[in-house]
Every structure is written in C-alpha cells, then in structure tokens.
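# Architecture and fold: a report
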Amino acid sequence: MKKITALFLAAVLAACALCGCKGTTPANTASSDETTASSGAAATEIVVGIPQDLDSLDPYQVGAAGTREVMFNVYEGLVKLNPDGDYVDAVASSHSVSEDGLTYTFTLRDGVKFHNGSEVTTDDVVYSFETCAANTVNESVKTAISVAEVTVSGKDIIITLPEMNSDFLAYVSNVYITPAGYTDHATAPIGTGPFKFDSYKVQDSFVVVKNEDYYGTPAALDKVTFKIFSSQNDRLNALQAGSIDLATHLTSDHVAVIPDTYTIMDATMNLAVALYLNNAKAPFDNEKVRQALWYAIDIDKVMNMAAGGGVKIGSSMFPAFAKYFDASLADNYSYDPAKAQELLKEAGYENGFTFKITYATEYEHPYGDMAAVIKEDLAKVGITAELDPIEWNSWLSDVYQGRNFETTLVGFDTSVLTASGMLQRWTTGAGKNMINYSNAEYDETFEKAQKAASDDELQTSLYKQCLEILNKTAANVYIEDLPEYVAINPAFTGYEFYPLYILDMSTVRPAQ
Amino acid sequence: MDSKTKAKKKFFKGNAFLYIGFVITAAMLAMIIVSFFWTPFNPTEMDTAAKMAGPSSVHLLGTDNLGRDILSRIMKGAGTTFLISVCVVAIGCVCGIIIGSLCGYFGGIADAILTRVCDTITAFPAILLALVIISITGGGTMNVIIVLGILFIPSFARIVRSEYARCRNLNYIESARLMGASSFRIIFVHILPNTMAVLLPAITIGFNNAVLSEASMSFLGIGVKPPAASLGSMLRDAQTYLRNTPWYAISTGIAIALLILGFSLLSEGLQQAARREE
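Residues numbered from 1 in each chain as written. Chains lettered and ligands numbered in written order. Predicted model: local features only at pLDDT ≥ 70, side-chain atom pairs only at ≥ 80, totals over all residues. Heavy atoms only, no water.

### What about the overall build of chain A?
Under the convention used in this document: Think of it this way: any DSSP run of H or I at least four residues long counts as a helix, any run of E at least two long counts as a strand, and we number them from the N terminus. We call a residue buried when its accessible area falls under 20% of the maximum for its residue type, exposed when it is over 50%, and partly exposed in between, using a 1.4 Å probe and counting protein chains only. The contact definition used throughout considers only heavy atoms, calling two residues in contact when any of these lie within 4.5 Å. For every accessible area listed, the method is Shrake-Rupley and the probe measures 1.4 Å; residues are considered covered only by the protein chains on display. Neither His nor the chain termini are counted; the positive set is Lys and Arg, and the negative set is Asp and Glu. Every charge is mapped to an atom, namely NZ of Lys, CZ of Arg, CG of Asp or CD of Glu.
Each helix and strand counted, chain A has 15 helices and 21 strands in total. Projected onto the principal axes, the alpha-carbon positions of chain A cover approximately 75 × 70 × 45 Å. For chain A, with 512 residues in total, the buried portion stands at 52%. Expressed as a percentage of contacts within chain A between residues at least 6 apart in sequence, the contacts between residues at least 24 apart total 69%. Of the roughly 20500 Å² of accessible surface on chain A, 49% is carried by carbon and sulfur atoms. Distance between charge centroids for chain A: 5 Å, based on 34 positive and 68 negative side chains.

### Topic: the environment of Leu231 of chain B
Residues and elements named next belong to chain B. Of note, Leu231 is situated in helix 10 (residues 231-240). The exposure class of Leu231 is buried, given its relative accessible area of 0%. With 26 residues separating them along the chain, Leu231 and Ile205 place their C-alpha atoms 19 Å apart.

### A word on the environment of Gly262 of chain B
All names here are of chain B. Looking at where Gly262 falls in the secondary structure, it is placed in helix 11 (residues 246-277). As for Gly262 and Ala26, which are separated by 236 residues in sequence, their C-alpha atoms are 8.5 Å apart. Those residues in contact with Gly262 that sit more than four places away from it in its chain are Gly21, Ile24 and Thr25.

### Describing the packing of aromatic side chains
Residue and element names in this part refer to chain A. Here is the rule: In this analysis, rings of Phe, Tyr and Trp, with Trp reduced to its six-membered ring, are considered paired at centre separations within 6.5 Å, and the interplanar angle assigns stacked below 30 degrees, edge-to-face beyond 60, and tilted for intermediate values. A positively charged side chain is recorded as over a ring if its NZ (Lys) or CZ (Arg) lies within 6 Å of the ring centre. The angle to the ring normal must also be within 35 degrees.
Following the criterion strictly, the structure yields 34 aromatic pairs over all chains and no others. An angle of 55 degrees between the planes, with centres 5.1 Å apart, marks the rings of Tyr295 and Tyr333 as tilted. Here Tyr295, found in helix 8 (residues 287-296), pairs with Tyr333, found in the loop between strand 14 (311-312) and helix 10 (337-346); they are 38 residues apart in sequence, far enough to count as distant. Ring pairing ties together the aromatic residues Tyr276, Trp294, Tyr295, Tyr333, Tyr363, Tyr367, Trp392, Trp395, Tyr400, Phe412, Trp426 and Tyr478, which thus form one cluster. For the cation-ring pair, Lys227 lies above Phe229, with the distance from its terminal atom to the ring centre recorded as 5.6 Å.

### Some thoughts on the domain arrangement of chain A
Residue and element names in this part refer to chain A. The condition is simple: Marked domain ranges trace back to an automatic or database domain assignment. Buried area adds together the accessible area that both of two parts lose upon being put together, with accessible area traced by a 1.4 Å probe. Criterion for a salt bridge: a side-chain nitrogen of Lys or Arg within 4 Å of a carboxyl oxygen of Asp or Glu.
Assigned domains within chain A: domain 1 (5-29 + 45-72 + 193-269 + 484-510) and domain 2 (272-481). A straight line from the C-alpha centre of domain 1 to that of domain 2 covers 32 Å. Each partner contributes to the interface: domain 1 provides seven residues, whereas domain 2 provides eleven residues. Taking both partners together, domain 1 and domain 2 bury about 660 Å²; carbon and sulfur atoms supply 58% of that area. On the domain 1 side of the contact with domain 2, Thr268, Pro499 and Leu500 bury the most area, a combined 70% of that side's loss. Inspection of the region where domain 1 meets domain 2 yields zero salt bridges.

### So, the pairing of strand 16 (residues 384-390) of chain A
All names here are of chain A. Which entries qualify depends on this criterion: Two strands form a pair only when DSSP identifies at least two bridges running between them. A right-handed crossover is one whose linking path, passing over the helix from the first strand to the second, runs clockwise when the strands point away from the viewer.
Counted residue by residue, strand 16 has five buried out of seven residues, so it is predominantly covered. Here strand 15 (residues 354-360) pairs with strand 16 via seven bridges, running parallel. Paired with Tyr359 across the strands is Pro389, a residue of strand 16. Since strand 15 and strand 16 lie parallel, the crossover through helix 11 (residues 364-379) that links them has a hand, and here it is right-handed.

### Points about unusual backbone geometry
All names here are of chain A. Residues Ala282 and Pro283 are joined by a peptide bond in cis, for which omega reads 0 degrees. Relative to the helices and strands, Pro283 is located in the loop between strand 13 (272-277) and helix 8. Between His365 and Pro366 the backbone carries a cis peptide bond, its omega angle lying at 10 degrees. Look at Arg403: it is not a glycine, yet its phi comes out positive at around 55 degrees.

### Considering the confidence of the model for chain B
Regions with low pLDDT carry predicted coordinates that are not meant to be interpreted in detail. Residue and element names in this part refer to chain B. Here is the rule: Note: pLDDT gives the predictor's confidence per residue, expressed from 0 to 100.
Confidence in the prediction for chain B averages 85 pLDDT; 95% of positions are at 70 or higher. Of all the helices and strands in chain B, helix 1 (residues 2-12) carries the lowest mean pLDDT, 60, while helix 3 (residues 70-106) carries the highest, 91. For this predicted complex, the interface confidence score (ipTM) comes to 0.73, while the overall pTM stands at 0.77.

### Let's talk about helix 3 of chain B
Filter applied, for reference: One fewer than the residue count of a helix, multiplied by 1.5 Å, yields its expected span.
The terminal C-alpha atoms of helix 3 of chain B lie 53 Å apart, and with 37 residues this matches the ideal 54 Å at 1.5 Å per residue to within 8%. Of the residues one or two after helix 3 of chain B, Gly107 of chain B is the one with positive phi, at around 65 degrees.

### Some details on the sheet that holds strand 13 of chain A
Residue and element names in this part refer to chain A. To keep things clear, this is the line we draw: For every element, the axis is a line fit to its C-alpha atoms; helices are fit only across the contacting stretch, and the angle between N-to-C directions ranges from 0 to 180 degrees.
The strand order across the open sheet formed by six strands is 14-18-13-17-15-16, and the pairing between neighbours is mixed. The sheet is open, and its two borders are formed by strand 14 and strand 16, each paired with just one other strand. On top of the sheet, helix 11 reaches strand 13, strand 15, strand 16, strand 17 (407-412) and strand 18 (477-481); it is set at about 165 degrees to strand 15, its chief contact.

In structure tokens, the structure reads:
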C-alpha cells in the first residue's frame, strides 16, 4: 500500500513537472526560432508540417483529404480548382459545354510535359479517364466518370454524358492525368503539376521539387518538404521550436501557444456548423419552434466562447465558396429571447420543453463546448437542453444513418466542391437528408437549378434561393464556419486559401 | 472511562498515517460540504470576458476555456466524485456483507458457486468491465454508480466471507448457538462487529478505488455528463488546454491526489491501529 501511495505521488509530481515544462517552452525557444527565420536567406526551400501520414501516392487510391491536399501539387486534371472556387483550364487549354449540357469538349494544351519528360498526349488522357473510372476510391467521382463516354478528335477530348450533370467539371478536376500504362505511382508518382516527386519516407517526410518544365507560371520554391507529424501535439512542438516554416489547419487554441515569430493568417474551415434539428421529431417539426430556438441562441457568443471566432453562415453554405454564400442570411435571426418566447407561445410551448443535443465525444472541442453555451442560453427561455456525448461511430450509425436523434451539433463539408453537393442532401427523400427536411418549394427550386446547367447566372440565383428557404424555415440553427489558421515563417509569402482541402505550394514565394 | 481516553490517545499516538490521513480527509470533506451550499461562483456560469484567465484575486485558480471559475468547478466536481464514490462503496459494501456473510457462515454448494462467480468477476479488470457495460447501457451518473457498485461487490464479499468462515467455529459462536441464538442473530450481532478490523480498511481502499474508477471513466468521456463537473471530466477538459491553461490540469490533479492520498493514509493508519490492538 505504501508503495502504491508513493508511486502515485511520484506520478502526480511528474505530471506537474511536465505541465510546468510545457508552459515555459515557448519562451525558451523563441530565440532559437529567430535564427531559423533569418538563416532562411536563400528561402527557396520550405518545410511544411502536416499532421498525418499520406495514405497513398497513387492518384486514384488517395482517400484522405490530408493526402489529397498535398498531392494537389503533383497531379493535375484537365481542369483544376482555383482559390475562388472556379474550375480553370490546366492540362486542357480550353473547354466548352454544349447547349443541352451533355457534351463537354476539352482541347489538350500544347507542350504539357509529364515529370518524366514525355509529352502529354490524348492517349494519356483517355487512359487516365479509364483508369480513374475503374480504380478510384472516391465513390462519387467513380459514379460520375464511369457513365461518361470519352472520344478523341485531333487535339480535342470529347466527353458525352447520358444525362446532364451540372457538377461534371468538378469531377473532371478529380481525374488526374497520368502517363498511359504507368503503374508505379505508389512509389514514384508522375503527374503534370508545378512540383515533381522527389522522395517519400513513411511517417517521416514527403519531398517535392520544382517542375522546371511546367507549362504555367513556374513555382517560386525549389524544394518543398512535407514533414509528417503523428499528432497535432508533435506538430505544435515543432512550431514552438521553429523547425517548420508552414503549418495549416490550426485552431485558435493552437494559435495561442504559437510563438509570435510566425505570421498567422486566418480563414475558415469550410464547414457548415449548425445545431442540426430532426425536422421529423416533435417539437422540431414545428417551424415556429425551430425559429424560436434560433432567436434564443446568441450565435455570436457561441462562436466566441467555443471556437474563438469564425464566420456566421445563416444557411448550409460556407463563406469561402463565395459564389453562393450570402452573408446577409446570417443576420436574419439576431439574438432576441423575447421574440423566442413569443414564438414558443404561438407554437404552444410556452412552458418550454426538454431535448437532447447529441455530439461526438471526439469533437468535444468545439461541439461539446458549443452545446454547453447553447444550454445556458436556452435555459433563459425555459427550454432544457441535455448534453448527450456519444462515440463517433455511434454518431455515424445512430444519428447520421439511423436518424435517431433530436438535435445534433456537427459541421458538414463536401468532398467534391459544388453547390449541389452542399444542397442536394436537404431535398425530400435524399439519402443524406439526416434531418428529414421536407419542403416542396425547396425541392422545386433545387430541381430547377439542376436543370439550369448551361445558364450559370440563373443557376447561381436558384441555388441562392434554396439557401434562403433553408434560412427562412429555420431548417437548422445555423451557427458558423469555424475559424482556421495558418502559421507561416515571415520569410515566405503568397499562401492562398481554397474553399476545399488544398495546400497549394505553387503560389508561395520568398518574401523579399 | 479513563482507560478509554488512554486507548484513544494510543490510537493516534505514533500513528502518523492515521493522523495525516485524518487531517487531509477532514479538509477535503469540509470543502465538499461547503460546496453544497456555497461556491465562489456558479460552476456552470460562463464569463465571456474572462476566458482562460490565469489565477487572480477574483478567480483564485483562474477560469477554463468557457470562462467558468475553476475553483468553483473543482469544489463541485470533488463533491460529485465524492458522492458517486460513497454510493458505489455503499452498494458494494452492503451487498458484499450480505453475500459474504451468508456464504461464509453456511458454506455448502451455494457458497462454492457464489465464490467462483466472484472470482470470475475479479479476474477481469474492474475498469474494463465497467467500460464494456457502460458502452452498452449508456453513460450518466446513475449508470456509473450502479455499474461500479456491482463491480465492487466481489472484493467486499470475499473479505467478509473469509472472516465468517474463520469465526463460525470459534468457541463464542458455538456458545451462542448452544444458547439457542438464531443464525440471523449470530451473523449480524455476534460476528459482524468482529469483522470491522478488516472491513474498515477495505472500505477506505474501496473508496479510493471508486474515486479513481469514476475519475477514469469520466476522463474517458463515459461517466458524468457535461456540463456537470466531476474531477475526471475536468481533467479531460484540462488535458486539451494543457498548453494554454496548465494550472487547470495541475489544480484538478492535485484535488484528485489529495482525495485519494487522504483515504490511503487513513486506511494504512487503520490497519496499523488494528495490528497494534492485536
């Protein structure tokens, strides 16, 4: 027994000592970091810290978003995403869509070379489409590409679709162009991007070097080392020690402990975070109750307390996808407990009610924190919210698939960046319609938007109408897109944010 | 009378474990009792202005990531942890005494079976079993108490059983039997007080284990439901902000350490005292 007590005390002391250490490291290492920053005078080589290993280098076997964002520098499609959320020509020099939206014509760009020196031919493009349709692990890309018929006429690649797909360009950007017959991507990937593969050490690093033969604006950096960290904590230690130049996907808590020798850039995480309400369950089947809930919650406070900032969304669209985002929607339900009580009374719930807020324990921060803040707000209008943390797998099976929940706090993103990807899920009967939202006007507007593929302006306005309906009917209590930060060594500049998981190194350049 | 006070003095004298344990436990208990009536701040109230504030004259131990006063939460959290542990030990102890005494006193086939069942349960690490059961039944304070309570029964039952098995053939029990005392009377009036020497340390150790088990389960996120605080769930929160607010983890850790240390020393002291009496 004595031994146990002694051991326990020793453990406690050790824990305290560790805490102490961690508390003081930033101060100790700030000076050593300065030397790193100044010694980067050459500054054409950069070290980027990434928080997980790559799952595959093969363009069609990449499942993890964290891998895709790195490989964006090596592989390209006929078109590629730009920071504004538009799909611009890459390996193709131009593209056009027929009136009926069924035929896409891409013209191959002249003089595009693979990293192995050979020139890209139409055969390579056809091969890439076929391989992608057969092998890709991305199910939505597979579905979209496998129905397309690819034919070649001179320098033109003509793709015919059996039915209209207004998001087809987004899928084309996921078909990476690789040399016909080349199968060694897993060990030596070859693409057409601004950087070419140099070396890869499992759980250690992934290195790319400048592609001198790039057809577009060549990269300013000679070498990019993606240093792999097994945990977010290890990466933070590296930031504190100043051993990496760039780190993305940081939260406000991380930023608070990063030494100020780094420049911090802020953007958003591209998530539509909301208190998602099961519209099929009473009392959330009542629009007035849903609106009351929104009025009763001080969204600004939730954002500041639980996430350290962010951007209010007001609907199912995140702000970085600027083409469709409507900032004015976010202000429609300003904090007003009196109005909330009035609405509750009209709905027959003047004595309030009790409900559960389910969230995954893995995402306790920020969703558990948000739930705690929301609970306090709702108590003021007589509504009792119970917090119900469950395991992520149970969340997926019970809440997401089983739809057996009252409300849940979570953020939604999209794997292929399209407006319909974000909005299709709320149509009546959609497989992903977790909240059982059913609104005839919404379904109709969405349908019209889908059909308006050839008229971009009309389509955009229709999608915006959809978002307005979600907001007006308070389908969910929309909260925010979480803030996300990038820490960069001031010796570098030019980092650009994308509305999707992308870590584009081609625009980064030395600051001088 | 005189001899009794002497005995009491002797009880504490030279028994530093008992003395220090008593002081620490009394201090913690005082804090817990106060927390039921008063805490410096409302433990769930959020102060927007003071998020992750360091220790100051207003917030003695600072505030957490949602601007809640850490001292208030530790007081309330220690209370929650303490209450859960008391209930767990009570369930384990009462059921353990009943099962153990009947088995030990009567023996036979029922004894053999129940003892094997107890052995089987003790063969599994308690926390692992608790995790399995809780993930099936769902978390929450009530479930944690019931599950841990049941898992604590075997350890008490075994101790009590061996004492009864030892005592049942002693002369004074034989005499009681000859005088026509009922089995019930013999079990609870004659033998039970004589098991206190082993039962008391077992209760204090059991209490320690209960505190640790509750803290571990809440730390793993399957115990007390937020935003209610228990020491374990607070440590879990604190872990995320170890870099930002190290005092949060340190003060919560110290609270757990003190609670356990107090009872460990108390139990050690009680055992020493018992040995000395023999």
